[in-house]
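Secondary and tertiary structure notes
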Amino acid sequence: MQDIKELSLKELEDKLFSLGNPKYYARDIFRWIYQKGALDFNRISSLPATLREKLSAEFRITGLTLADKQVSSDRTVKFLFELVDKNRVEAVIIPAPGRVTGCISSQAGCKFACNFCASGLKGFKRNLSAGEILEQVLYLKNASGGKLTHIVFMGTGEPLDNYDNVLKAVRLINSPQGFNIGARRITISTCGIIPGIKRLQDEDLQIELSISLHSAQDKVRSRLMPVNNKYPLGELMKCCREYTAKTNRQITFEYILIRDLNADLAAAQSLAAWLKDLKLAKINLIPANAVAELKISPPGRAQINTFKTYLSKAGLTVTLRRERGQDISAACGQLRLKYEKN
Ligand code: SF4
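Residues numbered from 1 in each chain as written. Predicted model: local features only at pLDDT ≥ 70, side-chain atom pairs only at ≥ 80, totals over all residues.

Regarding the environment of Ala26
With respect to the secondary-structure elements, Ala26 resides in helix α2 (residues 25-35). With 22 C-beta atoms counted inside 10 Å, the residue Ala26 sits in the buried group. Apart from residues lying up to four places away in sequence, Ala26 is in contact with Leu9, Leu12, Glu13 and Leu16. (Helix = DSSP H or I, 4+ residues; strand = E, 2+ residues; numbered from the N terminus. Buried ≥ 20, exposed ≤ 12 C-beta atoms within 10 Å, placed from the backbone. Contact = placed C-beta atoms within 7 Å.)

And the structure:
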């Protein structure tokens, strides 16, 4: 059975027309699914009963099932979904004052094996379809009582390694006929896939780009993130300069601070040296979540403060992200890993 969320508005209009129905029903269907959160064609009361039956026989709205759910004391909620082929992906709702962010997955598993990330531990399974990506948004929107305001592609997988499906989903998340979430409230986070960044700079979309940097020293970054062997810092920074020059948009650099690895003063100096010429850069420092399997832990508070102060004094824009959901398996891939081990 086909996932109706794979269809664009135009494709659905054409499909309805071929079934002998007016094209304008497509807008009703979109409104009911993406704005009202309908998961069943029978809820779409504006459609004739015969069309609802035909749609139910030919299409499905949902394909994900909930395999696990954890709620943190800070109200972060983590979901583990099972896909139709039994692969599993994670998504998270992160409430904060004035915003509710949905963190979603783009692939089942991941090829890139960053060694601070539980998602890479079990290898790559497959790309998610645009419909599977959209369904996570639909689920999180319903679960948040319709309050979802922001979307980040920071769950399982590398979004720029599944470029076409991710961009198709992004367009529908952004579309007024879809979820109608402003482009500046949608963030794609990449480990530094240069061809994907280059493609993104040519899209007519004002979405946010975030790059997982985590070290500004090639030797350390290659150890942390094997993708650095393919796209080393020099080439990545050149690409970032082109991106900001072309789009005039800021890039956020995510930097997980890991004890005894990338959190000393020399690491801060390397980071400042790489980023000082890059206009429109922001650094987001994230103390590591302790992950027993990966043998990583965060540095002490004093070292975090020294790192941050150095960057600020070097003239860089830097924020320190408060860890969310620390009492649940909130780090990337942890819930899936726990489930698979059990
Ligand atoms: S951090 Fe992202 S790119 Fe790296 S292994 Fe995890 S999911 Fe893949």
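Don't stop here, the text continues.
Some points on the packing of helix α4 (residues 130-143) against helix α5 (residues 163-174)
Contact geometry of α4 with α5 gives a least axis separation of 8 Å together with a crossing angle of 40°. With respect to α5, the element α4 is oriented oblique. Considering only the axes of α4 and α5, their crossing is right-handed. Of the residues in α5, those touching α4 at Ala130, Ile133, Leu134 and Val137 are Asn165, Val166, Lys168, Ala169, Leu172 and Ile173. (Axes fitted to C-alpha atoms, helices over the stretch in contact; angles between N-to-C directions. Parallel < 35°, antiparallel > 145°, perpendicular 65-115°, else oblique. Left-handed = near helix turned anticlockwise from the far one by under 90°.)

Here's the deal with the domain arrangement of the protein chain
Domains assigned within the protein chain are domain 1 (2-60) and domain 2 (65-341). In this structure, domain 1 and domain 2 have C-alpha centres spaced 33 Å apart. Every contact between the two is made by 8 residues of domain 1 and, on the other side, 12 residues of domain 2. Looking at which element gives the most residues to the side of domain 1 that touches domain 2, the answer is α2, with 3 residues. Its residues assigned to classes, the side of domain 1 that touches domain 2 shows 3 nonpolar, 1 polar and 4 charged. (Domains from an automatic or database assignment. Nonpolar A, V, L, I, M, F, W, Y, C, P; charged D, E, K, R; others polar.)

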